[in-house]
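The chain contents come next:
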2 protein chains.
Amino acid sequence: MKQPVSALVLFALCAVLFASQGLHGLQEMASKSADRSQQAASDGPAFSPANELIKPADYREWMFVTSGLGMTYTTPAAANPTPNFTNVYVNPSSYRSFLTTGRWPEKTMFVLEIRASTREGSINKAGNFQTGLVAIEAAVKDQARYPETKWAYFNFGRAGEMKDRVEALPATATCYACHAANTAVDNTFVQFYPTLLEVATRMGTVKPEFAH
Amino acid sequence: MKQPVSALVLFALCAVLFASQGLHGLQEMASKSADRSQQAASDGPAFSPANELIKPADYREWMFVTSGLGMTYTTPAAANPTPNFTNVYVNPSSYRSFLTTGRWPEKTMFVLEIRASTREGSINKAGNFQTGLVAIEAAVKDQARYPETKWAYFNFGRAGEMKDRVEALPATATCYACHAANTAVDNTFVQFYPTLLEVATRMGTVKPEFAH
């Protein structure tokens, strides 16, 4: 996992954020709007025979968990007025399972969509709104496929040079240790997902050190 | 429509933003996860016999359009390090229609979820993440019901005192004129929705003054 200059996003996944912006590779919108009723049984991760995770074309239609702006767990050298947004999605069937159990089932998949932001446009006078796609990353829970780490982390890369399928990052990537150490529920940053935190609190599935 | 001190959100709807934060009325999560296949025919607005729009229990499972942070069209008096997030959702069938036509069909409904933000929590060192629910507002396209304005705007109020159903705001509310004058596609702020802007641009449905 690359770890360049700017900022480590901790949103759903620990992942590399790149500072450049203005990319508008909105390929994901080309996705066909699959009928939800057909999605139910197959809305989780799909792998190639070479054990590569296939980038889901329709993740924008998955369940939106939350969005952050400029989140990082390293103190930035200077304030950035237009940091990136991080949109977090999870596959619908796992989301519904979480709502009733506070736990992530096998084959849960998170997508972290990183988008540039701007402050200037149309009638906006302050604050930030989302613009071009920057990068896409993912996390998958699959204890059969990844028996040592249970969750695996993936980086599809930056817009414009994005891969359609990628192998899991090696277990030595910082994602693994960070998610294991700093997440409120089962390797996921539920402490930053207000509606899911409420569910997990009610269900008693928040790790003791994160429970209020 | 109330118009107090702080800031007018222009995100999906022109709407009142309140500065207070930390509210955690996450009632919406109590919603049952309706089967998507059953939603298809009835995922738009529902009205009471008294012509009140009923607040959808499951809007968090609708299509997420975008999120902004601290957006406003009036210059704020002072910088606010923890402004509100504005999450924009649209009913799924209208979203899919837009993907193929670049237009909003009748019975399109937007929900604007306003959430507080914080910079401090867990391992976060900079940037903002979402916390408690602040308020919910909505927009509905229904030319039969609202022949003069075509779109109508609704304010369900603040968390803790939120209404289950509300009448449309009067056509004199600033929402109506603002949306008519400042939106890129059919009364909606598609200029702030990057993936939908790409669709509308491709379909040629962006108003000429907003087209690049």
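Computed from a predicted model, the values in this text were never measured in an experiment.

Colleague: Help me understand the overall build of chain A in this model?
Modeller: Scanning chain A from N- to C-terminus turns up four helices and nine strands. For chain A, the α and β elements follow one another from N to C terminus as β-β-α-β-β-β-α-β-β-β-β-α-α. Scored against the burial criterion, the 212 residues of chain A give a buried share of 57%. Summarising the internal contacts of chain A: among those between residues at least 6 apart in sequence, 62% fall at separations of at least 24. Per element, the accessible surface of chain A, about 8300 Å² overall, is 54% carbon and sulfur.

Colleague: Could you clarify how one ought to interpret the interface of chain A and chain B in this entry?
Modeller: Many authors give the size of an interface as the accessible area that is lost as the parts come together. Chain A puts 54 residues into the contact, and the matching count from chain B is 54 residues. Taking both sides of the interface into account, the surface hidden between chain A and chain B amounts to around 4300 Å²; carbon and sulfur atoms contribute 63%. The tally of links between chain A and chain B comes to two salt bridges. Between Glu61 of chain A and Arg96 of chain B there is a salt bridge, and its shortest N-O distance comes to 3.8 Å.

Colleague: What's the story with helix α3 (residues 174-182) of chain B in this structure? I'm lost.
Modeller: Note that an α-helix has 3.6 residues per turn; residues three or four places apart therefore point the same way. Turning to α3 of chain B, its buried residues are Cys175, Tyr176, Cys178 and His179 of chain B. Contact partners of the buried residues in α3 of chain B: β8 (151-158) of chain B.

Colleague: I would appreciate a short explanation of the packing of aromatic side chains in the present structure.
Modeller: Aromatic ring pairs are described here by two measures, namely the spacing of the ring centres and the angle between the planes. Per the stated rule, a full pass over the model turns up 27 aromatic pairs over all chains. Feature note: the residues Tyr59, Phe64 and Tyr89 of chain A together with Tyr59, Phe64 and Tyr89 of chain B constitute an aromatic cluster, connected by ring pairs. The side chain of Arg145 of chain A reaches across the aromatic face of Phe47 of chain A, ending 3.7 Å from its centre.

Colleague: Quick question: what am I supposed to make of unusual backbone geometry here?
Modeller: Phi is mostly negative for residues that are not glycine, and the peptide bonds are mostly trans. The phi angle at Asn51 of chain A is positive, at roughly 70°, despite the residue not being glycine. Tracing the backbone shows Asn51 of chain A in the loop between α1 (36-39) and β3 (53-54). Of note in this structure, Asp186 of chain B is not a glycine but carries a positive phi near 45°. Summarising the element assignment, Asp186 of chain B is placed in the loop between α3 and α4 (194-203). Using a relative accessible area of 27% as the deciding quantity, one classes Asp186 of chain B as partly exposed.

Colleague: Would you explain the relation of the copies chain A and chain B in this entry?
Modeller: Turning one copy of the chain about an axis and sliding it along that axis gives the other copy, so a rotation and a shift relate them. You can overlay chain A on chain B at an RMSD of 0.0 Å; the transform is a turn of 180° with a shift of 0.0 Å along its axis. In the structure described here, the two chain copies are related by an operation that fits a two-fold rotation axis. Mapped onto chain B, 100% of the interface residues of chain A are again interface residues, and the two copies thus contact each other with one and the same surface.

Colleague: Which parts of the structure should I look at to understand the nonpolar core?
Modeller: Val190 of chain A together with Val190 of chain B are the most contacted members of the largest nonpolar core, which totals 110 residues. Not counting residues up to four positions away in its chain, the partners in contact with Val190 of chain A are Phe98, Trp104, Ala184, Val185, Leu196, Leu197 and Ala200 of chain A.

Colleague: How should α4 of chain B be read in this particular structure?
Modeller: When we look at burial in α4 of chain B, the residues that qualify are Pro194, Thr195, Leu196, Leu197, Val199 and Ala200 of chain B. Here the buried face of α4 of chain B lies against β6 (109-118) and β7 (126-141) of chain A together with β4 (63-72) and α2 (92-101) of chain B. Gly204 of chain B, located one to two residues past α4 of chain B, shows a positive phi value of around 75°.

Colleague: Would you mind going over the packing of helix α2 (residues 92-101) of chain A against helix α4 (residues 194-203) of chain A with me for this structure?
Modeller: For any two helices packed against each other, one specifies the inter-axial angle together with the distance between the axes. Residues and elements named next belong to chain A. Between α2 and α4, the shortest axis-to-axis distance is 8 Å and the interhelical angle comes to 40°. The orientation of α2 relative to α4 falls into the category oblique. Every residue of α4 that contacts α2 at Tyr95, Phe98, Leu99, Thr100 and Thr101 is listed here: Leu196, Val199, Ala200 and Met203. Tallied by class, residues from the contact of α2 with α4 come to seven nonpolar, two polar and no charged.

Colleague: Help me understand the pairing of β4 of chain B, please; the structure alone is not making it clear to me.
Modeller: On any regular strand, side chains alternate: one points to one face of the sheet, the next to the other face. Taken across its 10 residues, β4 of chain B has 10 buried, putting it largely inside the fold. Pairing geometry for β7 of chain A and β4 of chain B, over two bridges, is antiparallel. If you follow Ala126 of chain A over to β4 of chain B, its bridge partner there is Thr72 of chain B. Bridge count between β4 of chain B and strand β5 (residues 85-90) of chain B: six bridges; the pairing is antiparallel. Residue pairing in the sheet places Met63 of chain B in a bridge with Val90 of chain B of β5 of chain B.

Rules behind the numbers
Residues numbered from 1 in each chain as written. Chains lettered and ligands numbered in written order. Predicted model: local features only at pLDDT ≥ 70, side-chain atom pairs only at ≥ 80, totals over all residues. Heavy atoms only, no water. Helix = DSSP H or I, 4+ residues; strand = E, 2+ residues; numbered from the N terminus. Buried < 20%, exposed > 50% of the residue type's maximum accessible area, 1.4 Å probe, protein only. Contact = heavy atoms within 4.5 Å. Areas by Shrake-Rupley, 256 points an atom, 1.4 Å probe, with all protein chains shown as cover. Buried area = accessible area lost by both parts, 1.4 Å probe. Salt bridge = Lys/Arg side-chain N within 4 Å of Asp/Glu carboxyl O. Phe/Tyr/Trp six-rings, centres within 6.5 Å; stacked < 30°, edge-to-face > 60°. Lys NZ or Arg CZ within 6 Å of the ring centre and 35° of its normal. Least-squares fit on C-alpha atoms with pLDDT ≥ 70 in both. Core = buried A, V, L, I, M, F, W, Y, C linked by side-chain atoms within 4.5 Å. Axes fitted to C-alpha atoms, helices over the stretch in contact; angles between N-to-C directions. Parallel < 35°, antiparallel > 145°, perpendicular 65-115°, else oblique. Nonpolar A, V, L, I, M, F, W, Y, C, P; charged D, E, K, R; others polar. Pairing = 2+ DSSP bridges.

These figures capture arrangement, not role.
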